[in-house]
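Take a look at the letters that make up each chain.
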Amino acid sequence: MNVKIAVKEFTLITIGTAIIAAAVFFFAQPLHLTLGSVSGLAIILENLLPLRMSTIALILNAGLLLFGFLLIGREFGAKTIYTSLLLPVLLGLFERLFPNNLSLTGDAFIDMVCYLFVVSLGQSILFARNASSGGLDIVGKIMNKFLRMDIGKSISLVGMCIALSSAFVFDKKIVVISVLGTYLNGMVLDHFIFGSNIKRRVCIISAHQDKIVDYVLNTLHSGATLYEAKGAYTNSPISEVIVIVNKQEYRLLMDFIAKTDPKAFVTIYNVNEVVYQPKVLTK
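A brief look at the structure comes next. This is a predicted model, so every value here is computed, not measured.

1. Considering the overall build of the chain
Part 1 of the reasoning: Across its full length, the chain carries 10 helices and four strands.
Part 2 of the reasoning: Of the regular secondary structure in the chain, the N- to C-terminal order runs α-α-α-α-α-α-α-α-β-α-β-β-α-β.
Part 3 of the reasoning: The buried share among the 283 residues of the chain stands at 43%.
Part 4 of the reasoning: Long-range contacts, defined as pairs at least 24 residues apart, comprise 69% of the intrachain contacts of the chain with a sequence gap of at least 6.
Part 5 of the reasoning: Approximately 16,800 Å² of the chain is accessible, and the part contributed by carbon and sulfur atoms is 63%.

Structural data, given as structure tokens:
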């Protein structure tokens, strides 16, 4: 990675982390919204310990990074270390700049909605740069490795526990809003994080199979799989073409099928992840 690209990467990561810090400080902290995160846990512990939220968040993130390195290895690179340590520093900066921080809206529910969208924007920037803000992401990966749980489910589970723990220091309204916000935050994050990676599995039965396969291989430069089947109604052998495409390829493929064979039988499924070994093209 050259210097120009590295500077751009870490500039975007800094911006993303700053957006997350702003979401926590201006929307979550004033009304004690503990939305299932390390920052949310820091807000709870701030009421039990003689430490500032930024200091508690720094200690928690540093501890989680240590556990991550010990239990998972060095897969967590400089980006995760950088964002994990930068977040509490930015929170501390906001505390000094705005010592009497109050809710911008005065309404816990509106603050929760604002927090969800602002923090999701920041996190989407980080994930697009192959980074994260640390915290529960590390817990999720540890649980995924040792408990064989999906990372998304493990993060949601830990987040719910943190949100429910706010019952020990805050009123019932804050607890309910925090739990609801944690659930909604998971949905919004799924949209931002996984929405752009979703592919389509297109299953095609057509009388013009050869033209469709040729289009997939030579125009879309994608792969296809052929399955032999038998129609239950006609009891005749048929061939089905299976193709995995991204959103742009999907639109092109569907347009081609509509022009080539309007009577084609097509079924489409969403695919969240594809694991494969790319083919090496030889002349």
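2. Focus: the packing of helix α1 (residues 3-28) against helix α5 (residues 108-128)
Part 1 of the reasoning: At a minimum axis separation of 8 Å, α1 and α5 run at an interaxial angle of 165°. On the basis of the axis angle, α1 is roughly antiparallel to α5. Once α1 is placed against α5, the crossing between them reads as left-handed. In this structure, α1 contributes Leu12, Ile13, Gly16, Thr17, Ile19, Ile20, Ala23, Val24, Phe27 and Ala28 to the contact, and α5 contributes Asp111, Cys114, Tyr115, Val118, Val119, Leu121, Gly122, Gln123, Ile125 and Leu126.
Part 2 of the reasoning: In the contact of α1 with α5, the residues fall into 15 nonpolar, four polar and one charged.

3. What to know about the sheet that holds strand β2 (residues 225-230)
Part 1 of the reasoning: The four strands lie next to each other as β2-β3-β1-β4, forming an open sheet whose pairing is antiparallel. The strands lining the two open edges of the sheet, one partner per strand, are β2 and β4 (265-271). For this sheet the average axis-to-axis angle between neighbouring strands, irrespective of direction, equals 25°.
Part 2 of the reasoning: Strand direction decides the pairing type here: strand β1 (residues 199-205) and β4, joined by seven bridges, are antiparallel. Directly across from Arg200, in β4, lies its bridge partner Asn270.
Part 3 of the reasoning: The strands touched by helix α9 (residues 209-218) within the sheet are β1, β2 and β3 (237-245), with β3 carrying the most contacts at an inclination of about 20°.

4. Let's talk about the packing of helix α2 (residues 38-46) against helix α3 (residues 53-71)
Describing two packed helices takes the angle between their axes plus the distance from one axis to the other.
Part 1 of the reasoning: Where α2 meets α3, the closest approach of the two axes is 8 Å, and the angle between their N-to-C directions is 130°. Of the possible angle classes, the one that applies to α2 and α3 is oblique. Once α2 is placed against α3, the crossing between them reads as right-handed. Mapping the contact onto sequence places Val38, Ser39, Leu41, Ala42, Ile43, Leu45 and Glu46 in α2 and Met53, Ile56, Ala57, Leu60, Asn61 and Leu64 in α3.
Part 2 of the reasoning: Residue composition of the contact of α2 with α3, by class: 10 nonpolar, two polar and one charged.

5. Some details on unusual backbone geometry
Part 1 of the reasoning: Although it is not a glycine, His221 adopts a positive phi angle of roughly 55°.
Part 2 of the reasoning: Residue classification places His221 among the exposed positions, given a relative accessible area of 64%.
Part 3 of the reasoning: Despite not being glycine, Asn235 shows a phi value in the positive range, around 60°.
Part 4 of the reasoning: Here Asn235 shows up in the loop between β2 and β3.

6. Here we look at the pattern of salt bridges
Opposite charge on two side chains allows them to pair when their charged atoms are near.
Part 1 of the reasoning: In this structure the tally under the stated criterion is one salt bridge.
Part 2 of the reasoning: Here Arg52 makes a salt bridge to Glu95, at a shortest N to O gap of 3.6 Å. Here Glu95 lies in helix α4 (residues 78-97) and Arg52 lies in the loop between α2 and α3, a separation of 43 residues in the sequence.

Reading guide: rules and limits
Numbering of residues starts from 1 in every chain and runs along the sequence as written. Predicted model: local features are reported for residues with pLDDT of at least 70 only, side-chain atom pairs are reported and counted for 80 or more only, and whole-chain, interface and lining totals are derived from all residues. Values shown for side chains rest on all heavy atoms present in the structure; no hydrogens or waters enter the calculation. What counts as a helix is a DSSP run of H or I of at least four residues, what counts as a strand is a run of E of at least two, and both are numbered from the N terminus. Each residue is assigned to one of three classes by its accessible area relative to the maximum for its type, calculated with a 1.4 Å probe on protein chains only: buried under 20%, partly exposed between the two thresholds, exposed over 50%. When checking whether two residues touch, look at their non-hydrogen atoms; a contact exists if any pair is within 4.5 Å. For the area figures, the Shrake-Rupley method with a 1.4 Å probe applies, and any residue is considered shielded solely by the protein chains shown. Helix axes are fitted to C-alpha atoms over the stretch in contact, other axes to C-alpha atoms as well, and angles between N-to-C directions run from 0 to 180 degrees. By definition in this entry, angles of less than 35 degrees are roughly parallel, angles greater than 145 are roughly antiparallel, angles of 65 to 115 are roughly perpendicular, and the rest are oblique. A clockwise turn of the near helix away from the far one marks a right-handed crossing, whereas an anticlockwise turn of less than a right angle marks a left-handed crossing. All amino acids are sorted into three groups, where Ala, Val, Leu, Ile, Met, Phe, Trp, Tyr, Cys and Pro are nonpolar, Asp, Glu, Lys and Arg are charged, and the leftover types, Gly among them, are polar. Paired strands, as defined in this entry, are two strands with at least two bridges between them according to DSSP. Whenever a carboxyl oxygen of Asp or Glu lies within 4 Å of a side-chain nitrogen of Lys or Arg, that contact is scored as a salt bridge.

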